[in-house]
Amino acid sequence: MTTEEAAPHELESAVAVVGMGGRFPGAPDLDTYWANLRDGVCSLSAFTEKELLADGADPAELRNPAYVPAQGYVADADRFEAELFGFGRGEAAALDPQHRVLLETAWSALEDAGYAPLDAPSRTGVYVGGSPTEHAMAAGTDPALAASIGALQVRILTDREFLAPWISYRLGLQGPSMTVQTACSTSLTAVHVAVQALLLGECDMALAGGVSIGSVRRQGYVHYQGGIFSPDGRCRPFDEKAAGTVPGSGAGVLVLRRLEDALADGDPVRAVIRGTAVTNDGAGKVGFTAPGVDQQTAAITEAWAAAGLEPSAAQYVEAHGTGTELGDRIELEAASAAFAGGTAAGGGLGVGIGIGSVKSNIGHADAAAGAAALIKTILMLEHATLAPTVDVTRPVAALRNSPLRLVTEAREWPSRAGLPRLAGVTSVGIGGTNVHVVVQEAPERRSRASAAPQPVVLPLSARTETQLSLLADRLATRLREADAPSAADVAHTLRTGRVRMPVRAYVVAAGPREASDKLTALAEGRRDSTVDPLGEAWLRGEGVTWPALDGEVRRVRLPAYPFAGESYGALTLRGAAPIPSVPEDPSPSPSPESELETKVAELVIEALDLDGAGGLAQTYFEAGGDSLTAVHLAGRLRDDLGIEVPIQLFLEPITLKDMTTHIVEMKQNGDADGALDALLAEFEAEA
């Protein structure tokens, strides 16, 4: 189907982006990310020698003239709100920071879509990938850690193949759960796989994206002549001075639904994915790590064909754009061939199809690079603004004979008659996996008949008073904006799209301005004087069933939960930042009656990361126990104390104190159960 024949509303095979979450260099959230992109900010960090040494850098390495003290650094990647996700302190410290950041990013993305993270549709799939990390490598070679929690548990808490299953498990999502790995194109490939799963009916919602937190330490790199890294800590895609990329970090997750479902359910559609495609260069390139022209071109043309459009319909292309001489040259050649004709047909920009690369802003985020690029493109579509590629002094000469023009200044993204705003996003992975996604601006939300606004209760909750105040302040700011949603829509989203937490407050308001004023007062510690019976029940922690709101209400985008976890550090190959120890409970607690009972209790406390013997008043599952921990604990009891314990004992609804007493009695009575050996053998065979 040609561009002229394609109607903008022929979107039966389209997928909606209904939510997004992300953390990137210089940007703890997507509002900051967009402001940096729009304003042409380079968020690559240049570190001082003092900062590098404090984070464990080798002084001899810093004296190397080729050492470049720069990185696309994500701050606070060592922090994690572990309790929110059901992790004990010891387990959270062993958990790879990459897992921690991705869990929080997935949570934020679901909230952005208006869905409560612990009550999302059960048929939600998860398609994500990650990068190798220093923490995982250090954990895998730490015999003390393996002896403490078990080698299998170390792997489950650190290996990137468990990125997707941890999200599915902690958020209760029962759709397909797949860790996708295609090197630098990982997260955009994950989007492609998720789109296909939605169109095939394998799931009804999908989380797709990726994460790359190679290290939580501030560190630079050594530049090698002819290597891929920049000699000066700056990345200049498609520029005559381009000399390499800069390593970066980040995390990006998109929430996807079939467009028809999203529109029917009133979801806040942020953009529409019209088509995707994946190819591989095969043997058609000079080397395994080198990119190839033909299959990059094929990925682009196949994606636009899947969209029912000609590539020349594009107005903008977000390129892989690493800033390396070979990579940029081949990508430009491939894209120029695919988008031929765009100068005349296209763009509506007057000078051809725009091209750019977010790597100039944040560096190369490896497995998260594609998500960073797609999220950038969606933000540009939402704001009808093309963001600049920064640090460009002179675009490469090859662009003069190309349908593509490098965007170096922020500019309006014009509309055009007969077609919506359209863009393509490309990602290329070492090993040859090329991905292209066609993305379109969101359809305009239909207006609704306005009615006289009625006062509604806006319920808020958080884990701490500080977080509650911060949440109220951010929501107040949102409701002062020109496009602020109605109070009814805000109430609906807060009631159905947020997890209920222990610290609570509410305000009663009829419109966004009144709500904003009352939320500002709440953030400053002044409670709303209007009292509502259901609001008071909410304050008391009761499970309120909110009545239906008058008129038609829908989900709207509101500020996400403000995470405030403590630092759990990270394992390092350089001996710094050890895993924090679990503090002892200072409160008095009954001591075990025998030496054997003491040893059993110590094993239970260690395995479950309890804060001392006081934690033995809980049941096994109340203390956060699971099947893997049960197998580990049963093995320790057998190996250390010679006690054979049936796994069924951990399933009993008794306190851990009673369980330890029963275990001691089993030892004294000579009870044994061969089921443990059989279970361990079966488990090891499966592993």
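Use the structure listed above.
Values in this document were obtained by computation on a predicted structure and should not be read as measured data.

Trainee: Account for helix α17 (residues 465-479), with residues named and values stated.
Mentor: Compared with the 21 Å implied by 1.5 Å per residue over 15 residues, the 21 Å span of α17 between its first and last C-alpha is a close match. Buried residues belonging to α17 abut β19 (456-462), α18 (487-496), β20 (503-509) and α19 (512-523).

Trainee: If you had to explain the sheet that holds strand β17 (residues 422-428) to someone new, which residues and values would you point to?
Mentor: Pairing in this open sheet of 11 strands is mixed, and the strands run β7-β6-β8-β10-β1-β11-β18-β17-β12-β13-β15 from one edge to the other. The outermost strands of the open sheet, each flanked by one partner alone, are β7 (177-179) and β15 (404-406). Strand-to-strand twist in this sheet, taken as the mean axis angle between neighbours without regard to direction, amounts to 25°. Inspection of the sheet shows strand β12 (residues 316-318) paired to strand β13 (residues 353-356) by three bridges, in the parallel sense. Paired with E318 across the bridge in β13 is G356. Most of the contacts of helix α5 (residues 97-112) go to strand β1 (residues 15-23), to which it runs at about 135°, and overall it touches β1, β6 (124-130), β8 (205-212) and β10 (250-258). Taken strand by strand, helix α9 (residues 163-171) contacts β6, β7 and β8, and its axis lies near 145° from that of β6.

Trainee: Got a sec to walk through the nonpolar core? Specific residues and values, please.
Mentor: Ranked by size, the top nonpolar core spans 76 residues in total, and within it F80, F87, I167, L207 and L519 carry the most contacts. Filtering out sequence-adjacent residues up to four positions away, L207 remains in contact with A106, L110, T124, G125, V126, Y127, I167, L173, V253, L254 and V255.

Trainee: Report on the packing of aromatic side chains, specifying residues and quantitative values.
Mentor: Counted according to the given criterion, the structure contains 13 aromatic pairs. An angle of 90° between the planes, with centres 5.7 Å apart, marks the rings of F47 and Y73 as edge-to-face. Of this pair, F47 sits in the loop between β2 (45-46) and α2 (49-54) while Y73 sits in the loop between β4 (70-71) and β5 (79-80), and the two are 26 residues apart along the sequence. Relative accessible area serves as the criterion here: at 9%, F47 is assigned to the buried category. Looking at Y73, the relative accessible area reads 17%, which means it is buried. Ring plane angle 75° and centroid distance 5.4 Å describe the contact between F85 and W107, whose orientation is recorded as edge-to-face. In this pair, F85 sits in the loop between β5 and α4 (89-94) while W107 sits in helix α5, placing the two residues 22 residues apart along the sequence. Across the pair, W107 and F85 agree in class, each one buried. Aromatic rings pair up to connect F80, F85, F87, W107, W166, Y169, Y561 and F563 into one cluster. One Lys or Arg, R504, reaches over the ring of W538 and ends 4.0 Å from the middle of that ring.

Trainee: Got a sec to walk through unusual backbone geometry? Specific residues and values, please.
Mentor: Here the phi dihedral of A183 falls at roughly 60°; this positive angle occurs in a residue that is not glycine. Of note, A183 is situated in the loop between β7 and α10 (186-199). We classify A183 as partly exposed; its relative accessible area is 30%. The backbone of D366 shows a phi angle near 50°, a positive value even though the residue is not glycine. The topology assignment puts D366 in the loop between α15 (359-362) and α16 (369-383). You can call D366 partly exposed: its relative accessible area is 25%.

Trainee: Help me get a handle on the side chain of E536, residues and values and all.
Mentor: Tracing the sequence through the fold places E536 in helix α20 (residues 533-539). The exposure class of E536 is buried, given its relative accessible area of 19%. Beyond its immediate stretch of four places on either side in the chain, E536 contacts Y506, R527 and V531.

Trainee: Could you give an account of the packing of α5 against α9, with specific residues and numbers?
Mentor: Packing of α5 against α9 leaves a shortest axis separation of 10 Å and a crossing angle of 50°. If you check the angle between α5 and α9, you find them oblique. For the crossing formed where α5 meets α9, the hand is right-handed. From α5, Q98, H99, L102, L103, A106, W107 and L110 reach across to α9, where they touch L163, W166, I167, R170 and L171.

Trainee: I'd love a proper account of the pattern of salt bridges, names of residues and values included.
Mentor: Inspection of the entire model under this criterion finds 38 salt bridges. With a shortest N-O distance of 2.3 Å, R526 and E524 are connected by a salt bridge. R636 is the partner of E606 in a salt bridge, and the nearest nitrogen-oxygen pair spans 3.6 Å. In this pair, E606 sits in helix α21 (residues 595-608) while R636 sits in helix α22 (residues 627-641), placing the two residues 30 residues apart along the sequence. Here R636 falls in the buried class, since its relative accessible area comes to 18%.

Trainee: Before we move on, can you summarise the environment of Y224 with the specific residues and values?
Mentor: Checked against the element boundaries, Y224 lands in the loop between β9 (221-222) and β10. Classification of Y224 by relative accessible area gives exposed; the value is 58%. Counting along the chain gives 157 residues from Y224 to Y67, while the straight-line C-alpha distance between them is 9.3 Å.

Trainee: Explain the packing of α17 against α19 to me, using residue names and the numbers behind them.
Mentor: To describe two helices that pack against each other, one gives the angle between their axes and the distance between the axes. Between α17 and α19, the least distance of the axes is 8 Å, while the angle of their chain directions is 155°. Between α17 and α19, the angle falls in the class roughly antiparallel. Read as a crossing pair, α17 and α19 show a hand that is left-handed. Taken together, the residues of α19 that come into contact with α17 (itself represented by S469, A472, D473, L475, A476 and L479) are P512, A515, S516, L519, T520, L522 and A523. Each residue belonging to the contact of α17 with α19 can be placed in one class, and the counts come to nine nonpolar, three polar and one charged.

Trainee: How would you explain the pairing of β8 if you had to name every residue and give the values?
Mentor: With eight of eight residues buried, β8 lies mostly within the body of the structure. Sheet topology places β8 next to β10; seven bridges connect them, and they run antiparallel. Following the sheet pairing, S212 is matched in β10 by G250.

Trainee: Provide a residue-level description of the environment of T661, including the pertinent values.
Mentor: If you trace the backbone, T661 turns up in helix α23 (residues 656-669). As a C-alpha pair, T661 and T598 span 63 residues in sequence and 9.9 Å in three-dimensional space.

Trainee: Please set out the side chain of E81 residue by residue, giving values where relevant.
Mentor: In this fold, E81 is placed in the loop between β5 and α4. Relative accessible area serves as the criterion here: at 1%, E81 is assigned to the buried category. Within the structure, the side chain of E81 is placed 2.9 Å from the side chain of Y561, a separation counted as a polar contact. Each residue touching E81, except ones within four places of it in the same chain, is listed here: E104, R463, Q467, Y561, P562, F563, A564 and G565.

Cut-offs and rules
- Residues numbered from 1 in each chain as written.
- Predicted model: local features only at pLDDT ≥ 70, side-chain atom pairs only at ≥ 80, totals over all residues.
- Heavy atoms only, no water.
- Helix = DSSP H or I, 4+ residues; strand = E, 2+ residues; numbered from the N terminus.
- Expected span 1.5 Å × (residues − 1).
- Contact = heavy atoms within 4.5 Å.
- Pairing = 2+ DSSP bridges.
- Axes fitted to C-alpha atoms, helices over the stretch in contact; angles between N-to-C directions.
- Core = buried A, V, L, I, M, F, W, Y, C linked by side-chain atoms within 4.5 Å.
- Buried < 20%, exposed > 50% of the residue type's maximum accessible area, 1.4 Å probe, protein only.
- Phe/Tyr/Trp six-rings, centres within 6.5 Å; stacked < 30°, edge-to-face > 60°.
- Lys NZ or Arg CZ within 6 Å of the ring centre and 35° of its normal.
- Parallel < 35°, antiparallel > 145°, perpendicular 65-115°, else oblique.
- Left-handed = near helix turned anticlockwise from the far one by under 90°.
- Salt bridge = Lys/Arg side-chain N within 4 Å of Asp/Glu carboxyl O.
- Nonpolar A, V, L, I, M, F, W, Y, C, P; charged D, E, K, R; others polar.
- Polar contact = N/O pair within 3.5 Å; in protein donor to acceptor, adjacent residues only side chain to side chain.

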